[in-house]
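What follows is each chain in one-letter form.
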Amino acid sequence: MASDNAIIRGIGQTDYSRQSGRTTTLLAVQAALAAAVDAGLDVRDLDGVVGFPHSVAAEDLVSNLGLRALRFSSTVAMGGASSVAAVGQAALAVESGRADHVLVVRARNGNSGGRIHQRPSQLPAQHFRTQLEHPYGWNTAAQRYAMMARRYDYEHGLDRQVLAEIALAARSHANRNPAAMMHERELTMEKYLAGRMIADPYTLYDCCLETDGACAVIVSRHAGPAPSVRVLAVAEGRPETPDDLTNRPDLLRIGLEPAAREVWECTGLGPTDMDAAMIYDCFTFEVLHQLEAAGFAPDGLGSELVASGGIRLGGQLPVNTHGGLLSEGHLSGLNHVLEAVRQLRADAPGRQVEGARHIAVTGWGDLGDGSMTVLAGQGGAR
Amino acid sequence: MTRPLPDLHNHEFAEHWAGLSQGRVRIRRCRSCGRHAWPPRPTCRACFSLDHEWVDVEPHGTLYSWTVVGHATLPGFESPYAVVLVELTAPVGVRLLGSYDGELADLKIGQPLTARPVQVTDEVHLLSWSHPETSKNPDDTDGAVATDDHDTEVGEYQ
Ligand SMILES: [Zn+2]
């Protein structure tokens, strides 16, 4: 969907930690209040909420934020692709007039609230998971996506040095971001290579963090006090069999492909117009895979972009300048939207991409669902 | 806690598990267009028919992809163990997930593998894939998979 009038007016977040000591409702309230201040709005005037399944509900927010007239709410269930898709729903709501100021909020106790494999699964087609996959010991995201990475290796070649560079680039960016969980923790190649095996080819440092915290975004039609960041387009896409990986005709064709195609078409922009990209980095290989699926590199050739230093600050396409899910924290990729906004406002001290006008943000979730948006700052396309 | 096991009474998959306990690998086929389907869904992905039957397939194929789990999170599994995804020789394109009985270093995509049902409880048999030369003797107790060659028409999957 091309968007003509939607603006990201405010952003807010809590601290990111391993143990928040707070409920997800309180985390959501804190992030929402910060976003309202940033947007120059009375939080009670927010009249739309887009949230995530099994998390803080619109009803919780009405009571806890004192929302006076909530007119629009929705929940997006695309796993990690939900954050970008949620910004799309918020944009739809403000452009159609269903609401004036829509809050997108993601709050989680992703570390202290139970490790990932202990949480109730939100994947589609649960009977395939529990009946056909768990009995063979195939039950985590790392294990599922490892199967895609191994297949990619067979078809195109996948060098461990390339996966390492994705992890190291993310960490070097986090080392410049005081809000990142890994801000003060350096990652060396030696340490990366010593990481224990999680699910071949993923070792410890190929895997994202688990995080307590919250992020919030407010989408409106008019800018507030902060420099305006326009939502040029948002799209979501699904692979051929979004309920199953095992018999997908081509395991490597993912939902981001059609989503990216739609975004490029709607905006008239292309990969080379992007000054940076925030790529959903649940694991290192997924960054490489999505760089190709979104068109930043030809199929099978993303390794060249990565190995040349191209995804680092100062490179051809800086990726995840905040450190991403790998090294900033896992806020389901809503933190990627926040970083794109900061960069486009020229408000990323210590890691600013100079003159950034357009940034693409991707989402990846469940069994290969995808989403993408292009955001524009001052001097960007209209 | 014991390892996760399939619910043998779940009617979506009961025929598959019953087949394994009889030494046969059974999957779904559309009665309308003849395409094989796995995993089983209410509708055929090719012609959207709701009319299906269960048929035997030969448990031979090639390794399509794999992972070795180094960090097990399920009860009853000890790291490292492999999970393999095998593309059947026929019907073309159908892939079955399974466990792997072999050297982890021998996991190479494209290599031929053969499956046999392995008994894991009194009632439950699961699929285990191994390299043909090291496959257990088909005369062994529960090792053999029937190889009826009734399935001569090789339908293009999906
Ligand atoms: Zn059919």
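Along each chain, residue indices are assigned from 1 in the same order as the chain's sequence is written. Chain labels run from A onward and ligand labels from 1 onward, assigned in the order the entries are written. It should be noted that, the model being predicted, local features are given only for residues of pLDDT at least 70 and side-chain atom pairs only at 80 or more, the latter also being counted only at that level, while totals for whole chains, interfaces and linings use all residues. Values shown for side chains rest on all heavy atoms present in the structure; no hydrogens or waters enter the calculation.

Caption draft 1: Structural view of the overall build of chain B. In terms of regular secondary structure, chain B is built from one helix and eight strands. Under the DSSP-based scheme used, a helix requires at least four consecutive residues in state H or I and a strand at least two consecutive residues in state E, with every element numbered from the N terminus. Mapped in sequence order, the helices and strands of chain B form the string α-β-β-β-β-β-β-β-β. Expressed as a percentage of the 158 residues in chain B, the buried residues total 48%. In what follows, a contact means two residues having at least one pair of non-hydrogen atoms within 4.5 Å. Sequence separation of 24 or more characterises 57% of the internal contacts of chain B that already satisfy a separation of 6 or more. Using a 1.4 Å probe, accessible areas were evaluated by the Shrake-Rupley method; residue-level cover was limited to the displayed protein chains. Of the roughly 7500 Å² that chain B leaves accessible, carbon and sulfur atoms contribute 48%. With a 1.4 Å probe rolled over the protein chains alone, any residue whose accessible area is under 20% of its type maximum counts as buried; one over 50% counts as exposed, and the rest are partly exposed.

Caption draft 2: Structural context of the domain arrangement of chain B. Residue and element names in this part refer to chain B. What the domain assignment lists for chain B is domain 1 (8-57) and domain 2 (58-143). Contacts between the two partners involve eleven residues from domain 1 and, on the opposite side, 14 residues from domain 2. By definition, the buried area sums, over both parts, the 1.4 Å-probe accessible area that each loses when the two are put together. Between domain 1 and domain 2 the total buried area reaches about 1000 Å² when both faces are included, carbon and sulfur atoms providing 80% of it. Among the residues domain 1 hides against domain 2, the three largest losses belong to Leu 8, Leu 20 and Val 57. Together they make up 44% of the total. Where a domain begins and ends is set by an automatic assignment or by a domain database.

Caption draft 3: Structural context of the coordination of the zinc ion. Residues and elements named next belong to chain B. Protein coordination at the zinc ion: the donors are Cys 30 (SG), Cys 33 (SG), Cys 44 (SG) and Cys 47 (SG), at 2.3 Å from the metal. For Na, K and Ca the donor cut-off is 3.2 Å, and for all other metals it is 2.8 Å, counting N, O and S atoms only; because water is absent from this set, sites may look incomplete. Metal sites are grouped by the angles between bound donors: all angles between 85 and 135 degrees with four donors is tetrahedral, opposite donors over 155 degrees apart with the others between 65 and 115 is square planar for four donors and octahedral for six, and any other pattern is irregular. The coordination sphere of the zinc ion comprises four donor atoms, whose angles at the metal cover 103 to 114°; the geometry is tetrahedral. Linear spacing of the donor residues for the zinc ion on their chain is C-x2-C-x10-C-x2-C. Accessibility expressed as a relative area gives 3% for Cys 30, which makes it buried.

Caption draft 4: Representation of the sheet that holds strand 11 (residues 369-376) of chain A within the structure. All names here are of chain A. An order of 3-2-4-7-1-8-11-10-9 is seen for the nine strands of this open sheet, with the pairing classed as mixed. Every interior strand has two partners, whereas the edge strands, strand 3 (72-75) and strand 9 (276-278), have only one. Across the sheet, the axes of successive neighbouring strands diverge by a mean angle of 25°, strand direction being ignored. On the sheet, helix 2 (residues 58-65) packs against strand 2 (48-51), strand 3 and strand 4 (101-109) and is oriented at approximately 105° with respect to strand 4. Two strands are counted as paired when DSSP detects at least two bridges linking them. For helices, the fitted line uses only the C-alpha atoms of the stretch in contact; every axis is such a line through C-alpha atoms, and the angle between N-to-C directions lies from 0 to 180 degrees.

Caption draft 5: Representation of the environment of Gly 157 of chain A. All names here are of chain A. With respect to the secondary-structure elements, Gly 157 resides in the loop between helix 5 (141-156) and helix 6 (160-174). Judged by relative accessible area, Gly 157 falls into the partly exposed class, the value being 31%. On a C-alpha basis, the gap between Gly 157 and Ser 303 in space is 9.0 Å, while along the polypeptide they are 146 residues apart.

Caption draft 6: Quick look at the packing of helix 1 (residues 24-39) of chain A against helix 2 of chain A. Residue and element names in this part refer to chain A. In the contact formed by helix 1 and helix 2, the axes pass within 10 Å of each other and the chain directions differ by 65°. Here helix 1 and helix 2 pass one another in a crossing that is right-handed. Two secondary-structure elements touch here, helix 1 through Thr 25, Ala 28, Val 29, Ala 32 and Leu 33 and helix 2 through Asp 60, Leu 61, Asn 64 and Leu 65. Considered class by class, the residues forming the contact of helix 1 with helix 2 number six nonpolar, two polar and one charged. The crossing is said to be left-handed when, going from far helix to near helix, the turn is anticlockwise and less than a right angle, and right-handed when the turn is clockwise. Note on residue categories: nonpolar means Ala, Val, Leu, Ile, Met, Phe, Trp, Tyr, Cys or Pro, charged means Asp, Glu, Lys or Arg, and polar means any other residue, Gly included.

Caption draft 7: Looking closely at the interface of chain A and chain B. The interface is formed by 35 residues belonging to chain A together with 40 residues belonging to chain B. For the pair chain A and chain B, the two sides together bury roughly 3300 Å², of which 59% comes from carbon and sulfur. When the buried surface of chain A facing chain B is broken down by residue, Gln 131, Tyr 136 and Asn 247 of chain A rank first, second and third, together holding 24% of it. The salt bridge criterion pairs a side-chain nitrogen of Lys or Arg with a carboxyl oxygen of Asp or Glu, the two atoms within 4 Å. The tally of links from chain A across to chain B stands at two salt bridges. Between Arg 45 of chain B and Glu 240 of chain A there is a salt bridge; the shortest N-O distance is 3.4 Å.

Caption draft 8: Quick peek at the confidence of the model for chain B. Residues and elements named next belong to chain B. Confidence scores here are pLDDT values: one per residue, from the predictor, ranging 0 to 100. Averaged over every residue, the pLDDT of chain B is 87; residues scoring 70 or more account for 84%. Of the regions scoring below 50 in pLDDT, residues 137-158 engages in 55 contacts with residues more than four places distant in sequence or in other chains. Interface scoring of the predicted complex returns ipTM 0.95; its pTM is 0.94.

Caption draft 9: Seen up close, helix 1 (residues 14-21) of chain B. Within helix 1 of chain B, the full set of buried residues consists of His 16, Trp 17, Gly 19 and Leu 20 of chain B. Along the axis of helix 1 of chain B, the buried positions cluster into a sector of 155°, meaning they face one direction only. As for helix 1 of chain B, its buried residues are in contact with helix 4 (126-133) of chain A together with strand 1 (25-30), strand 3 (52-57), strand 7 (112-119) and strand 8 (125-130) of chain B. Taken from the helix axis, the directions to the C-beta atoms give the arc we talk about.

Caption draft 10: Seen up close, the sheet that holds strand 1 of chain B. Residue and element names in this part refer to chain B. Strand order across the open sheet formed by three strands is 2-1-3, with antiparallel pairing between neighbours. A single partner strand is all that each edge strand has here, and the edge strands are strand 2 (36-37) and strand 3. For strand 1 and strand 2, the ladder comprises two bridges, and the chain directions are antiparallel. Paired with Arg 28 across the bridge in strand 2 is Ala 37. The strands touched by helix 1 are strand 1 and strand 3; relative to strand 1, the strand with the most contacts, the crossing angle is about 145°.

Caption draft 11: How the structure looks around the packing of aromatic side chains. Pairing of aromatic rings covers Phe, Tyr and the six-membered ring of Trp, with a centre-to-centre limit of 6.5 Å; geometry is then stacked below 30 degrees between planes, edge-to-face above 60, and tilted otherwise. A complete count under the given rule lists eight aromatic pairs over all chains for this structure. Relative to Phe 13 of chain B, the ring of Phe 128 of chain A has its centre 6.3 Å away and its plane inclined at 70°; by these criteria the two rings are edge-to-face. Taken together, the residues span two chains, with Phe 128 of chain A in helix 4 and Phe 13 of chain B in the segment before helix 1. The pair Phe 128 of chain A / Phe 13 of chain B is uniform in exposure class, with both members buried. When the ring of Trp 38 of chain B is compared with that of Trp 54 of chain B, the centres are 6.1 Å apart and the planes differ by 75°; the resulting orientation is edge-to-face. With Trp 38 of chain B in the loop between strand 2 and strand 3 and Trp 54 of chain B in strand 3, this residue pair connects regions lying 16 residues apart in the sequence. For the pair shown, Trp 38 of chain B and Trp 54 of chain B are each scored as buried. Through successive ring pairs, a cluster of aromatic residues spans Tyr 145, Tyr 202, Phe 283 and Trp 364 of chain A. Geometrically, a lysine NZ or arginine CZ counts as sitting over a ring once it is within 6 Å of the ring centre and also within 35 degrees of the ring normal. A cation sits over an aromatic face here: Arg 151 of chain A above Tyr 64 of chain B, 3.9 Å from the ring centre. The positively charged end of Arg 95 of chain B is found above the aromatic ring belonging to Tyr 64 of chain B, 3.7 Å away from the centroid.

Caption draft 12: Inspection of the side chain of Ser 49 of chain B at higher detail. Tracing the chain through its elements places Ser 49 of chain B in the loop between strand 2 and strand 3. In this view, Ser 49 of chain B contacts Cys 30, Ser 32, Pro 42, Thr 43 and Cys 44 of chain B; residues no more than four positions away in its chain are not counted.

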